[in-house]
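# Working through the structure, step by step
Now for the letters of each chain:
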Amino acid sequence: MKIIACGSVPTILAPDKYFTGRVLQTPIIEKEAPARLRATLVSFEPGARTFWHTHPLGQTLYVTSGAGRAQTWGGPIQDIKAGDVISFDPGEKHWHGAGAQTAMTHVAMQEALDGVHADWLEQVTDAQFGG
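Residues numbered from 1 in each chain as written. Predicted model: local features only at pLDDT ≥ 70, side-chain atom pairs only at ≥ 80, totals over all residues. Heavy atoms only, no water.

### Notes on the nonpolar core
The biggest cluster of nonpolar side chains holds 15 residues, and the ones touching the most others in it are Val23, Phe44, Ile80, Ile86 and Met104. Elements represented by at least two residues in this core include exactly β4 (37-44), β7 (59-72), β9 (85-88) and β11 (104-111). Top element by residues in this core is β7. It accounts for three residues. If we skip the residues at most four places from it in the chain, Met104 touches Val42, Ser43, Phe44, Val63, Ser65, Gly66, Ala67, Gly68, Ile80, Gly97 and Ala98. (Core = buried A, V, L, I, M, F, W, Y, C linked by side-chain atoms within 4.5 Å. Buried < 20%, exposed > 50% of the residue type's maximum accessible area, 1.4 Å probe, protein only. Helix = DSSP H or I, 4+ residues; strand = E, 2+ residues; numbered from the N terminus. Contact = heavy atoms within 4.5 Å.)

Written out as C-alpha cells, the structure is:
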C-alpha cells in the first residue's frame, strides 16, 4: 500500500503550449509500468481550455465542479457540468475546458501506450470555442 499525503504533490500552472487561459493541474496518480494509469485534477478558469488533442488509449473525464464545454473533431460543442462523465475513444480528436463565463474542474484519467498519454495538436481558436 502507498498513501500519497494530501498536499504532498504541488499544483502547477498548466503549460501554455497545451492550454489557452489559466489552468491549474494537481496530479492524483501516475502509475509506473506495467500499469499505465494517470489521473489529474484540472481546474479551468472561465474561457480556459485545452488544445485539440488525442489519447492513444482514450480518456475519461469526471466533472467535479462547475460547467464547461467539450467537443470532438467535426462534432457539436457539448455542455458539461458537475457529475457528468465524458469518455473519448482512443485517437478521438477533441478538446475540453470551462464555459465562457463559468469555471470548471474535472478529473482527467487516461492510460499510456508506450509511455505516451496524449498527443497534442493545434490550439482551439476563439471562434471554435464559441465564447
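### Topic: the packing of aromatic side chains
Tallying each qualifying case throughout the model produces five aromatic pairs. With 6.3 Å between their ring centres and 50 degrees between their planes, Phe19 and Phe44 make a pair best called tilted. Placement of the pair is Phe19 in strand β2 (residues 19-20) and Phe44 in strand β4, with a sequence separation of 25 residues. According to the relative accessible area criterion, Phe44 is buried, its value standing at 2%. Consider the rings of Trp95 and Phe129, whose centres lie 5.7 Å apart with planes at 50 degrees: the pair is tilted. Here Trp95 is found in strand β10 (residues 94-98), whereas its partner Phe129 is found in helix α1 (residues 126-129), with 34 residues between them in sequence. (Phe/Tyr/Trp six-rings, centres within 6.5 Å; stacked < 30°, edge-to-face > 60°.)

### Concerning the environment of Pro10
Inspection of the secondary structure assignment puts Pro10 in the segment before β1 (12-13). It is 29 Å that separates the C-alpha atoms of Pro10 and Lys93, two residues lying 83 residues apart in sequence. When near neighbours in sequence (up to four residues on either side) are disregarded, Pro10 contacts Gln25 and Pro27.

The quantities given are spatial measurements derived from coordinates; they are silent on function.
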